[in-house]
Every structure is written in C-alpha cells, then in structure tokens.
Amino acid sequence: DLVLLRGAGHTSYQIAIFYQENRALGAPVFRTAEDGGFLAHGLAVGDVTGDGRDDVVVTAGGNTPHAYLNVFPQGADGSLVLTPTVYPAFHLPEAVEIGDVNHDGRNDVVNVHAAWMSLSVYTQTVSGALSAYERYPLPYTDYYRPAGLALADVSHDGALDVLIASHSSLSAENGLVVLTNSGDAPTSTITVPAAGVYITDTALFPIQGRASTADGVLEVSTDGGQTWQSRPAAAAWTFTWTAPLTDGSYILLSRLTDAAGVVQAPPARSRAIVDHTPPLGSLLINDGAVYTNRPTVTLTVDGSDFNGLAAMRFANQGSGYDAWATFAPTYTWTLTGADGLKTVTGQVRDVPGNTGEPFSDTIILDTTGPTCGILINGDATYASSTQVTLTLTSTDTYGVAQVRVRNAGGTWSAWQPYVSTLAWNLGGSDGARSVEAQFRDVAGNDSAVCSDAIILDTTPPSCGIIVAGDATYTTQPTVPLTLNSSDANGVAQMRFSDDGSNWSAWEPYTTTRTWTLPSPDGPKSVHARFQDNAGNFSPACQDDIILDTTPPSGFVLIEGGALYTGIPTVTLTLGASDAYGVTQMRFSNDGLSWESWQSYAVN
C-alpha cells in the first residue's frame, strides 16, 4: 500500500492511505495527527508495536510542549486506528525513520530536530510501547527534509548506522552526517532464493543461507516479519518452506540472535513469487477472418497472467508445436496442406514458467480462384443496341463475392457484388465488340479474365420493292415481286402489307416472290419491310400498280352497218370503252385467225 504525508495547508487529514486493490491503488482514506496547531513534518512505516504488522509514525508540531510523535497502529483487519498514540517529542521534530538500532529484535524510532542539534531515539519495549526518547548531539542544521534521514549498515558490522543530510547556511556544516552504531551484531544472509525467484509447482522449497556464528538462534520469516520460526544457528543453514497455495509475492527474512542476545538488524531479506496459476491465452487468425487466400497469416495473440507472459508457441492441426518464441501480440504463421478448413493451436507460458491450456482458431484456406464465364445477349452473334444484357457465370468452392466488367481495352468497372445478369453499354460505333469479366471469391482470389464477342449493328437494312416489273397495270391479282434490301451484316427476314398496317408473317429474305393483290380492281400498293441479322428493321417501302381484271367492251360496223358489200375491202366503224382506256385492237374474219394488235382507232 502507499502512505502519503500531505504538506503545508493541511492541519487535519495530513495522512492519506492508498490501499492496493486488484493491482491498483484505491481511493485514499485519511488520518489526522496531533500537531499542536503546527504542521506534520516526517513519515515512516514499520512495526513499532511488536505485533508483526506495519504501523505509521508521523512527527508533527513545533517546540516543546507542542512537539509530538504520532503512532497509528495497524489493526488485525489491516486498517489504521483513527486516533493515534501520541508520544512527547523534542523541539521541532522533523525527519523520522524506523529500525532496530539496539539489536533487541524490536524496531525503534529515530528522529532529528531542526536547529536544535539533536537526534532522539525511542526504543521499543517488550510490551510494544515506545520508551521516552534519548537525545544524541548533532552538528547544527537549519532544517531537515522529510527524506533527509536514513538507517542502514554502512560500516558492514551488522548494526544500523544513522545517515543525515545536513543543511546549514555555513558551508562547513553542509553535507552527510554519519553516526555509526557502536553495538556489533550477528549477521545472516539468504542465498537461496535470490530476490524475485518464482515458485510454481514445488510444494516444499528450501530457503538457504549463511550465518556469522553458529552459537545462537536463527529465525526465518516467510510473511515479511509478521511471524518467525526459530532453529539453532548454523554457518550454512537450510529452512524448508512449505510454499503456500495462494499465489502472490512473499517477503522472506532471516535474522540471527547471538549467545549474548544481540539481534541482527535489519534482517536479511529476499523475495519469492508463488505462482501456481497457468496463464490464459487466445488467438485470432487474420483478425478473425473466415477466409484467407494466402498460407501466410497473422496470428493476433492475447493473454493474461499476474506475473506476465514470457513465451508462446503454435501448431498446425496434425503437427507438433513449434519452438517457444518470445511472447508478442502478433506472430506471422504459415498454414500447411491443401485448401480447406485450417486450425491453429497455441499456448502461452508465463514468466514463472507455467504453461497455459491450448487455445485455437480456425480459418478456411482458399488459394484457388473462381471460374469465369460471360455471354452477351445470351451468346447472340449480333446486337442491335449498345445496351446489352450480360449473363455472368462463376463457381467457387466457398462462394463468389464480386465481379467487375469492362469493354475490351477499356477501364474496369468498380468491383461490385456478384450477380448473374448485368445491364451493360457497349458504347462506340458499329462493328465487332468484346466484353471482358473477372470474378473474385470470398477469400479474395481473382479469376482469370474471360470474354465474349458480339457484332454491334445499329443500322437498319435498306428497303426496295418492284411489283410486276414496275408495270403500271396488271390484269392478274397474283403478281411477281422483285425485292432489294442490303445490310452490312446481311438481311434475314421480310414481310408485306397491302395497306401498311396489316402485315404478313415474317419470312426468310429472298429477292423474288409472288403476291396476290386484293379485290376489287383499282390502284394497289404493296408495302415491304426487312429485318437484318442484328434485328434492325428497315423503314417500310412500297410500289404501286393498277389491278384491272375487266376487259373493255366494244362494237364493230361493216360499211356503216350495210347488209351487203360489192368489194372485199370494207370500212369498219369501231367503238370501245374501258375504265382505264382502250389501247389496241385486232381483227379476224373467222374468229380463229387474228391479225396482229394495232393501235385503237374508231374507223
């Protein structure tokens, strides 16, 4: 936990305690020291009540009788009492430290006093209380910083010495003041474990060390000094520790008491970390993707452990683990074998050496691209419009996701969701055209490019028709038609109409055919339309003719209607009529043999 002494301006709640909870510091709780209306000056933490629990000591106040040493004992529940035990202090108590300076196995309190050239020592009694202070002389100093006092064995004799950072307006009085402890003390050391050693699966762990004398008692504490276990001293000693089942950091201490009852202070110290709990881990292949089109993938590894993660290893399904690698959040891995569902299994190992349970993720390896197929207008040879319909076909083991299209030699369209039909514009002028397609499967593999060709023909065929050799009249309803249509890509069909509205069925194109004109006699028109191979229709064209199936009527008089003639050569008087005019006449004496046709005349 963390204890904080608050500075000027805080005449109450001078002490803030931040308890560690779940590896984090919680909100502070506060305690108030007796300060006589002045300030709190110094702070120290240690067991000064003899119960094995760390207490908090605070110096505060001004000159005597308003100078105090406050002791906040720690209760059995781990909290500090609200009201401190207050001991009188010498004038202006400032920096304070805790340690066993008289080698009786109990912590004492050492305090320095600004401008009063004094150091005071409170020794801890067997009852856990502090005795009245004893004063020792010091060089003059103006004041002491809160951290200006330390206790340590700097003379290597096993006894705690006093170190003071002295400040004065006189340079000769500035510097480090060392008060050596004249009382020699026995020493012990812990050689095993070295500080920070991890204990994972060992139930009994040997703590080993050395002692400066075999004449005395060695005590070992595995809970930071709260409890001690004693045994006869030995120059080389071993203490078998039953490692706790609860994970955590354990402070290991040893102290030696010689035959004269002098106790080693401070104790030798080491730390062991018990960790029986394996780490937890998980992995994602390519951030949890369903598919990959490359055997080389990225593993995202996550794990947790109280003491941190040290290593990781992986295996493809059906194979053994690779060698351990230093733990990292990402790792490049290669899938093995043919396309299909792949499983990668991993393990993590924590810093103490515990190996976690296997974890895994799956992904589908698909390195094969989809098939590619395209038809323009259902594989037609010709297109009569730039707007066409593309039939797109693609298959893939795991599914086709996208498609893109372009006119040959042009720019690809953007990738779009796969569809089986797509409206498309060929663009450009008439002629041979080609459209290309490419597909992408769900794994990201692209197909080869495929294409289909078509002839774009937006120009209709020409239209020409001649009825009965372009005659003006016909005496027969059935007439010959001469047909003339041309197109760059060929004429396929034709049809006809008498009125331009009602048409015959389409029939294959020929250059001649017969047509029956409708009754009655009179002017007639024959209309025609042609369709080329691309499906373009020509405009209608026509030719006109007069149907006249009624012969002319007429009469003939010989010699003006005489009954007799005396000469062979006679004069004929003629009369004829017709709806469309009389043009010729011929004659016969017997109705069998006729002269040639000649122009019509009335006589």
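Everything numeric in this text was worked out from a predicted model, so none of it was measured. Along each chain, numbering runs from 1 in the same order as the chain's sequence is written. The model is predicted, so local features are restricted to residues of pLDDT at least 70 and side-chain atom pairs to those at 80 or more, both for listing and for counting; the totals for chains, interfaces and linings are taken over all residues. With hydrogens and water excluded, all non-hydrogen atoms of the structure serve as input to the side-chain values.

### Quick notes on the overall build of the protein
(1) Moving on: Where helices and strands are cited, they refer to DSSP runs of H or I of at least four residues and of E of at least two residues respectively, numbered from the N terminus. Of the regular secondary structure elements, the protein holds zero helices and 52 strands.
(2) Moving on: Over its C-alpha trace the protein gives a radius of gyration of 60 Å, far above what one expects of a compact globule, namely 25 Å for 603 residues.
(3) Moving on: For the protein, the spread of C-alpha atoms along the three principal axes comes to 200 × 60 × 45 Å.
(4) Moving on: Buried residues in the protein amount to 38% of all 603 residues.
(5) Moving on: Counting only contacts in the protein whose residues sit at least 6 apart along the sequence, the fraction spanning at least 24 positions is 55%.
(6) Moving on: Charged residues are defined here as Lys and Arg on the positive side and Asp and Glu on the negative side; His and the ends of the chain fall outside this count. To locate a charge, the coordinates of NZ of Lys, CZ of Arg, CG of Asp or CD of Glu are taken. Of the side chains in the protein, 25 bear a positive and 59 a negative charge, and the two mean positions are spaced by 4 Å. Within these notes, the globule rule equals 2.2 Å times the number of residues to the 0.38 power, and the radius of gyration is based on C-alpha atoms. Each residue is assigned to one of three classes by its accessible area relative to the maximum for its type, calculated with a 1.4 Å probe on protein chains only: buried under 20%, partly exposed between the two thresholds, exposed over 50%. In this description, contact between two residues means that some pair of their heavy atoms is separated by no more than 4.5 Å.

### Describing the domain arrangement of the protein
(1) Moving on: By the assigned domains, the protein splits into domain 1 (2–179), domain 2 (188–274), domain 3 (280–365), domain 4 (371–456), domain 5 (465–547) and domain 6 (553–599).
(2) Moving on: One C-alpha centre belongs to domain 5, the other to domain 6; they are set 40 Å apart. As used throughout, domain bounds are those supplied by an automatic or database domain assignment.

### Re the packing of aromatic side chains
(1) Moving on: Two rings from Phe, Tyr or Trp (for Trp, the six-membered ring) form a pair when their centres are within 6.5 Å of each other. A pair whose planes differ by under 30 degrees is stacked, one over 60 is edge-to-face, and the rest are tilted. Following the criterion strictly, the structure yields 15 aromatic pairs and no others.
(2) Moving on: Plain terms: the ring middles of Tyr509 and Phe530 are 5.6 Å apart, the flat faces sit at 80 degrees to each other, and that makes the pair edge-to-face. Linking Tyr509 in the loop between β45 (507–508) and β46 (512–516) with Phe530 in strand β47 (residues 522–532), this pair joins segments that are 21 residues apart in sequence.
(3) Moving on: Look at Tyr509 and you get partly exposed, because its relative accessible area is 22%.
(4) Moving on: Of the residues examined, Phe530 reaches a relative accessible area of 0% and is grouped as buried.
(5) Moving on: What links up through ring pairs into an aromatic cluster is the set Tyr87, Phe90, Trp116, Tyr122 and Tyr133.

### Quick look at the state of the cysteines
(1) Moving on: In plain terms, two cysteine sulfur atoms within 2.5 Å form what is called a disulfide here. By the definition in use, this model includes two disulfides.
(2) Moving on: The side chain of Cys372 participates in a disulfide bridge whose partner is Cys450; the two sulfur atoms lie 1.9 Å from each other. Handedness of the Cys372-Cys450 disulfide follows from its S-S torsion of about -70 degrees: it is left-handed. Here Cys372, found in the loop between β32 (359–365) and β33 (373–376), pairs with Cys450, found in strand β40 (residues 450–456); they are 78 residues apart in sequence, far enough to count as distant.
(3) Moving on: A disulfide bridge connects Cys463 with Cys541, and the sulfur atoms are separated by 1.9 Å. Where Cys463 bonds to Cys541 through sulfur, the torsion about that S-S bond is close to -70 degrees, and the disulfide is left-handed. Of this pair, Cys463 sits in the loop between β40 and β41 (465–467) while Cys541 sits in strand β48 (residues 541–547), and the two are 78 residues apart along the sequence.
(4) Moving on: The class of Cys463 is partly exposed, set by a relative accessible area of 25%.

### Quick word on the pairing of strand β44 (residues 491–497)
(1) Moving on: Counting buried positions along β44 gives five out of seven residues, so the element sits mostly inside the fold.
(2) Moving on: Pairing geometry for β44 and β47, over six bridges, is antiparallel. Each bridged residue has a counterpart across the sheet, and for Phe496 the counterpart in β47 is Ala528. Should DSSP find at least two bridges between two strands, the strands are regarded as paired.

### Quick notes on the environment of Gly158
(1) Moving on: For Gly158, the position within the fold is in the loop between β14 (149–152) and β15 (161–166).
(2) Moving on: On the basis of relative accessible area, Gly158 is assigned to the buried category, the value being 6%.
(3) Moving on: Residues Gly158 and Cys372, 214 residues apart in the sequence, show an inter-C-alpha distance of 87 Å.
(4) Moving on: If sequence neighbours within four positions are ignored, Gly158 has contacts with His103, Asp153, Ala185, Thr187 and Ala265.

### Some thoughts on the sheet that holds strand β17 (residues 188–192)
(1) Moving on: Taken in spatial order, the three strands of this open sheet run β17-β19-β22, and their pairing is antiparallel. Both edges of this open sheet fall to β17 and β22 (236–242), since each of them pairs with a single strand only. Within this sheet the neighbouring strands show an average axis-to-axis angle of 35 degrees, counted without direction.
(2) Moving on: Here strand β19 (residues 204–211) pairs with β22 via seven bridges, running antiparallel. For Pro206, the partnering residue across the bridge sits in β22 and is Thr240. Note on geometry: axes are lines fitted to C-alpha atoms, helical ones only across the stretch in contact, with angles between N-to-C directions running from 0 to 180 degrees.

### Remarks on the side chain of Gln14
(1) Moving on: Mapped onto the elements, Gln14 comes out in the loop between β1 (2–5) and β2 (15–18).
(2) Moving on: In this structure Gln14 comes out as buried when scored by relative accessible area, which is 0%.

### Structural notes on the sheet that holds β41
(1) Moving on: Taken together, three strands build an open sheet; the order of strands is β41-β43-β46 and the sheet is antiparallel. Either end of the sheet is taken by a strand with one partner, and the two such strands are β41 and β46. Taking each pair of neighbouring strands and ignoring which way they run, the sheet shows an average axis angle of 30 degrees.
(2) Moving on: Relative to strand β43 (residues 478–483), β41 is paired through three bridges, and the arrangement is antiparallel. Within β43, the position partnered with Ile466 by the bridge is Thr482.

### Observations concerning the environment of Asp521
(1) Moving on: Counting through the fold element by element, Asp521 comes out in the loop between β46 and β47.
(2) Moving on: On the basis of relative accessibility, which here comes to 28%, the residue Asp521 falls in the partly exposed class.
(3) Moving on: Each C-alpha atom, one on Asp521 and one on Ala235, is 148 Å from the other, the two residues being 286 residues apart in sequence.
(4) Moving on: Every residue in contact with Asp521, bar those within four places of it in the chain, is listed here: Leu547, Asp548, Thr549, Thr550 and Tyr580.
(5) Moving on: There is a polar contact of 2.7 Å between the side chain of Asp521 and the backbone nitrogen of Thr549.
(6) Moving on: Distance and chemistry together define a polar contact, namely a pair of N or O atoms within 3.5 Å, with one atom able to donate a hydrogen and the other to accept it when in protein, and with adjacent residues in sequence counting only for side-chain atoms on both sides. A distance of 3.4 Å separates polar atoms of two side chains, one belonging to Asp521 and the other to Thr550.

### Here's the deal with the environment of Ala214
(1) Moving on: Looking at where Ala214 falls in the secondary structure, it is placed in the loop between β19 and β20 (216–221).
(2) Moving on: Judged by its relative accessible area of 51%, Ala214 is exposed.
(3) Moving on: Residues Ala214 and Thr257, 43 residues apart in the sequence, show an inter-C-alpha distance of 9.9 Å.
(4) Moving on: Not counting residues up to four positions away in its chain, the partners in contact with Ala214 are Ala233, Ala234 and Ala235.

### Considering unusual backbone geometry
(1) Moving on: Here Thr64 and Pro65 are connected by a cis peptide whose omega angle stands at 15 degrees.
(2) Moving on: In this structure, Pro65 sits in the loop between β7 (55–61) and β8 (67–72).
(3) Moving on: With an omega dihedral of 5 degrees, the bond running from Val192 to Pro193 counts as a cis peptide bond.
(4) Moving on: With a phi angle near 65 degrees, Ala115 is a residue other than glycine that sits in the positive phi range.
(5) Moving on: Position of Ala115 among the secondary structure elements: in the loop between β11 (108–113) and β12 (118–122).
(6) Moving on: Given the relative accessible area of 32%, Ala115 is considered partly exposed.
(7) Moving on: Located in the positive-phi region is Asp470, a residue other than glycine, with phi close to 70 degrees.

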